Amino acid sequence: MGEEKKGEFEPKIIGFTCNWCTYASADLAGTSRKKYPPNARIIRLMCSGRLDPMFVLKALLNGADGVFIGGCHPGECHYIKGNYYARRRIAAIRTILKQFGLDNRVRSEWISASEGDKFARVMTEMAEDLKKLGPNPMRGKIL
Amino acid sequence: MKGAEIGIEDLEGFFRGLLEKEVVDCLVMPHAAGKNIAYMLVTDPKRIESSSGKAIFAPSFSVNAAGIVKGWTVANKVGLVAKPCEIRAAIELVKLNQMDKDSLLLISVDCSGTFENQVYADHSDEIGERLESGKIEELKGKGIELREACKICDSRLADVGDIAVVRLNGDKVVVAGLTNMGEAALTALELPLEDKEIERKEEKARIAEEAKKNEEALPKISSIEELEAFLQDCIVCKNCRDVCPVCYCKECFFDQPLGNPASGDLLNLAELRGAIGVPANQLFYHLTRVYHVSTTCVGCGACADACPKEIPLTRYYPVIARKVQDIFEYEPGKDVEEPLPFVVYEEEELEDKLR
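Note on numbering: residues in each chain are counted from 1, in written sequence order. As a convention, the first chain written is A and the first ligand written is 1, with the rest following in written order. Two thresholds apply to this predicted model, a pLDDT of at least 70 for residue-level local features and 80 or more for giving and counting side-chain atom pairs, whereas whole-chain, interface and lining totals are computed over all residues.

## What about the nonpolar core?
Next, step 1: Under the definition applied here, buried Ala, Val, Leu, Ile, Met, Phe, Trp, Tyr and Cys residues are grouped into a nonpolar core through C-beta atoms within 7 Å. Three classes are used. A residue is buried when 20 or more other C-beta atoms lie within 10 Å of its own, exposed when 12 or fewer do, and partly exposed in between, with C-beta atoms placed from the backbone. Ranked by internal contacts, the top residues of the largest apolar core, which has 131 residues, are Leu80, Ala90 and Val165 of chain B.
Next, step 2: By the criteria applied, helices consist of DSSP H or I runs no shorter than four residues and strands consist of E runs no shorter than two, each listed in order from the N terminus. Broken down by element, the residue count for this core peaks at 9 residues, all from helix H3 (residues 82–99) of chain A.
Next, step 3: In this description, a residue-residue contact is defined by the distance between C-beta atoms placed from the backbone, which must lie within 7 Å. Leaving out residues up to four positions away in the same chain, Leu80 of chain B has contacts with Val28, Ala65, Val69, Ile87, Ala90, Leu104, Leu106 and Ile107 of chain B.

Laid out in C-alpha cells, this is it:
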C-alpha cells in the first residue's frame, strides 16, 4: 500500500491524531464507508497537546511528504486545554517551516469524533494538495 | 523614574558601594583583562577596579553573561552588570524558572554595538572606549567590523532589569532605578535621586530603523536547500547550544541516544534510509534548536561567535526566532511579569497559522 505506481506520485502523509476526537472520526469514516485516499499513516496520540513539534520535523526530514495533525475543537479538549497549547506550538513550528517553504506540507484541523465526513474530506484535500506540490525535497537526501 | 547623574569615574564607587552596603553579595561584571574585556565574579569591594566604569561600556562581547549565572541555586544575592541583550536573557531565564528573580539585581548598561572580544583586543587602541556611528564606518573601512548580531540589534540602550546605567555625552552617566528593587538599591547607596527621563524614544527609533535596514541587507535563507547549504560545514559540535544563554535543558535531546545515535542505532538508521549523513542529525538539530529558542532568543549572537566553523548563525537563529516572536507579539526579556508564549493561550487565536 502506498508504494508508487509507475509514473504517478503518491504522497506519504504522517497523521498525528487525538485519541478522543480525530482518531475516532477516522474510525467513523471507516465504519460509515466514506471513501478517502489511503495516503495517511495514522499515529494515535492521547491529545494533540502531546505533539512535540520535533515529531513534525523528524517526519519531514525523514521524507514524509506531509504531516497532518488532528485535535479536538477549541474548547472541547478532553484534558481541558491541551489543544490550546498544541495550537500555539503548531503555529510556531509552521512559522519556522514557512521560512524554508515547507509549511504547506503541514496541516492541522479540529475534527470531532462525529465528523467522519470532515476527516474523509480533509484527507482527500490533503492528498490532492500534496500531489500538486510534488515530493518532499528532503526525500532521498543524505541527511 | 528615579535616578542620579554621576561621573563615569564614580561608577567604581557605585559598584563598590553595592558590595559594601550589602545590597548584593557578589557582582558578575566586566573588567579589563590586559587589552581584552572579560567577566569577573567579585565579592571583595576592594577588588573593584578603577577602570570598571570604562570596562562596562567597552564594545566587546565575549560570552553572554546570563549564561554564567544560569541555574544558580544560592541564597546569596547576585548582581549582574551587563549589556541589555544579556540582561534580557537573564529575564527569560527567570521566566523559565532557571533563576530566582529575588536573588538577582540586574543592572543593564548602554551598549553601542560590540566587536568579538578577540577583535576588540587586537584593535582596542583604534576602537577606543566609545563608539559613534562615524567611527563605526571608519573602522569598517579598516576591516574592523561590528558583530552581525549587533548590526541587527534594535534594543541596545539600557532599559531592562532593575537598574539602567545610561551613558550621556562626555563622561557623565545616569544610574536609574527601573524597579522597586533597583530604586531601593540606589537609595541604600545614598545617591542624590531625582526624576530622570531615560526613555530616549528618538534615539531608539533611529537605532531600530538602522537595525531593520541591516537585517534586510543580510543574505536570506529562504528554502530548505538553502538552509542545507548554509549549514553544510556544521560538525554538530553543539557549541552554539552550549553558549546560548536561553538553551537551558539539563540534558539536551541531542546528547541522548535518540538524538545522538551511535554504533548499532546509527547503523539501523542508515539501513532505514539507505544512507545518512554523519555526524547525524545536523539539520534536525538546528531546526529543533531554533524551535526551542524561538520565543526566548534575545539575538545576542553568542552562537555565531562560538561556531568553530564560522557559520554566521546570526542570520539563522535570531532572524527565524523573530518571526515566531512576531506571531505572539512577544519581546523576550522585556517584562519579567509577561508569561512565556508557550505557557498561555487565548480562546480564539492563530487559526490562520494552522493550515
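Once the structure has been displayed, the description carries forward.
## Overview of the packing of helix H1 (residues 22–31) of chain A against helix H4 (residues 116–133) of chain A
All names here are of chain A.
Next, step 1: The axes used here are C-alpha line fits, helices contributing only the stretch in contact, and every angle between their N-to-C directions lies in the interval 0 to 180 degrees. Where H1 contacts H4, the two axes come as close as 7 Å, and the packing angle between them is 90°. By the angle between their directions, the pair H1 and H4 is classed as roughly perpendicular. The residues of H4 that touch H1, namely those facing Thr22, Ser25, Ala26, Leu28 and Ala29, are Gly116, Lys118, Phe119 and Ala120.
Next, step 2: Here the residues of the contact of H1 with H4 sort into 5 nonpolar, 3 polar and 1 charged. Small angles under 35 degrees read as roughly parallel and large ones over 145 as roughly antiparallel, with 65 to 115 read as roughly perpendicular and the rest as oblique. In the scheme used here, Gly and all other residues not listed as nonpolar or charged are polar, with Ala, Val, Leu, Ile, Met, Phe, Trp, Tyr, Cys and Pro taken as nonpolar and Asp, Glu, Lys and Arg as charged.

## With respect to the pairing of strand E2 (residues 40–45) of chain A
All names here are of chain A.
Next, step 1: Here strand E1 (residues 13–18) runs beside E2; their pairing, made up of 6 bridges, is parallel. Across the sheet, the residue bridging to Ile13 is Ala40, located in E2.
Next, step 2: Crossover handedness is defined by viewing with both strands directed away from the observer: a clockwise path from the first strand over the helix to the second marks the crossover as right-handed. At this point the chain moves from E1, through H1, to the parallel E2, and the crossover so formed is right-handed. At least two DSSP bridges between two strands are required for those strands to pair.

## Regarding the environment of Ile311 of chain B
All names here are of chain B.
Next, step 1: Note on placement: Ile311 falls in the loop between helix H14 (302–306) and helix H15 (317–327).
Next, step 2: It is 31 Å that separates the C-alpha atoms of Ile311 and Lys54, two residues lying 257 residues apart in sequence.
Next, step 3: Aside from chain neighbours lying at most four places away, what touches Ile311 is Leu231, Asp233 and Cys234.

## Notes on the confidence of the model for chain B
For any part of a model where pLDDT is low, the fine detail of the predicted coordinates should not be relied upon.
Next, step 1: Averaged over every residue, the pLDDT of chain B is 94; residues scoring 70 or more account for 100%.
Next, step 2: On the interface metric, ipTM, the complex scores 0.94, and its pTM is 0.94. Each residue carries a pLDDT score, the predictor's own confidence in it, on a scale running from 0 to 100.

## Focus on the sheet that holds strand E6 (residues 104–109) of chain B
Residues and elements named next belong to chain B.
Next, step 1: Taken together, the 8 strands give an open sheet; going across it, the order is E3-E2-E5-E6-E8-E9-E1-E10, and neighbouring strands pair in mixed fashion. Here the strands that pair on one side only, and so sit at the sheet edges, are strand E3 (36–42) and strand E10 (194–195).
Next, step 2: Across 2 bridges, the pairing between strand E1 (residues 2–7) and E10 is antiparallel. Residue pairing across strands places Gly3 opposite Glu194, the latter belonging to E10.

## Observations concerning helix H13 (residues 282–292) of chain B
Next, step 1: Most of H13 of chain B is tucked away: 10 of the 11 residues are buried.
Next, step 2: Every buried residue belonging to H13 of chain B is among Leu283, Phe284, Tyr285, His286, Leu287, Thr288, Arg289, Val290, Tyr291 and His292 of chain B, and all of these are buried.
Next, step 3: Elements that come into contact with the buried residues of H13 of chain B comprise helix H2 (53–61) and H3 of chain A together with helix H10 (224–230), helix H11 (239–243) and H15 of chain B.

## Section: the interface of chain B and chain A
Next, step 1: Of the residues lining the interface, 27 residues belong to chain B; the matching set on chain A comes to 30 residues.
Next, step 2: Contributions of two or more residues to the side of chain B that touches chain A are made by H10, H13 and H15 of chain B.
Next, step 3: Broken down by element, the residue count for the side of chain B that touches chain A peaks at 6 residues, all from H13 of chain B.
Next, step 4: Of the residues contributing to the side of chain B that touches chain A, the split by class is 17 nonpolar, 5 polar and 5 charged.

## Remarks on the packing of H3 of chain A against H15 of chain B
Next, step 1: Across the interface, H3 of chain A lies against H15 of chain B with an axial gap of 9 Å and an inter-helix angle of 140°. Taken together, the axis directions place H3 of chain A and H15 of chain B in an arrangement best described as oblique. The way H3 of chain A lies across H15 of chain B gives a crossing that is right-handed. Mapping the contact onto sequence places Ala91, Ala92, Thr95, Ile96 and Gln99 of chain A in H3 of chain A and Ile320, Lys323, Val324 and Ile327 of chain B in H15 of chain B. Working rule for handedness: look at the near helix, and if it is turned counterclockwise from the far one by less than a right angle, call the crossing left-handed; if clockwise, right-handed.

## A short note on the sheet that holds E2 of chain A
Residues and elements named next belong to chain A.
Next, step 1: The sheet built from 4 strands is open, its strands ordered E2-E1-E3-E4 with parallel pairing. Of all strands in the sheet, those with a lone pairing partner are E2 and strand E4 (106–110), marking the two edges. Adjacent strand axes in the sheet meet at a mean angle of 20°, parallel and antiparallel pairs treated alike.

## Here's the deal with the pairing of strand E2 (residues 26–33) of chain B
Residue and element names in this part refer to chain B.
Next, step 1: Alignment of E2 against strand E5 (residues 78–82), held across 3 bridges, turns out to be parallel. Looking at the pairing, Val28 lines up with Leu80 of E5.
Next, step 2: Here E2 runs beside E3; their pairing, made up of 7 bridges, is antiparallel. Directly across from Met29, in E3, lies its bridge partner Met40.
Next, step 3: Once E2 ends, the chain turns through 2 residues before running back antiparallel as E3, passing Gly34 with a positive phi of about 65°.

## Considerations on the environment of Gln325 of chain B
All names here are of chain B.
Next, step 1: The topology assignment puts Gln325 in helix H15.
Next, step 2: A tally of 21 C-beta atoms within 10 Å means that Gln325 is categorised as buried.
Next, step 3: Considered as a pair, Gln325 and Pro341 are 16 residues apart in the sequence and their alpha carbons are 8.5 Å apart.
Next, step 4: The residues touching Gln325, leaving out its near neighbours within four places in the chain, are Thr295, Tyr330, Glu331 and Pro332.

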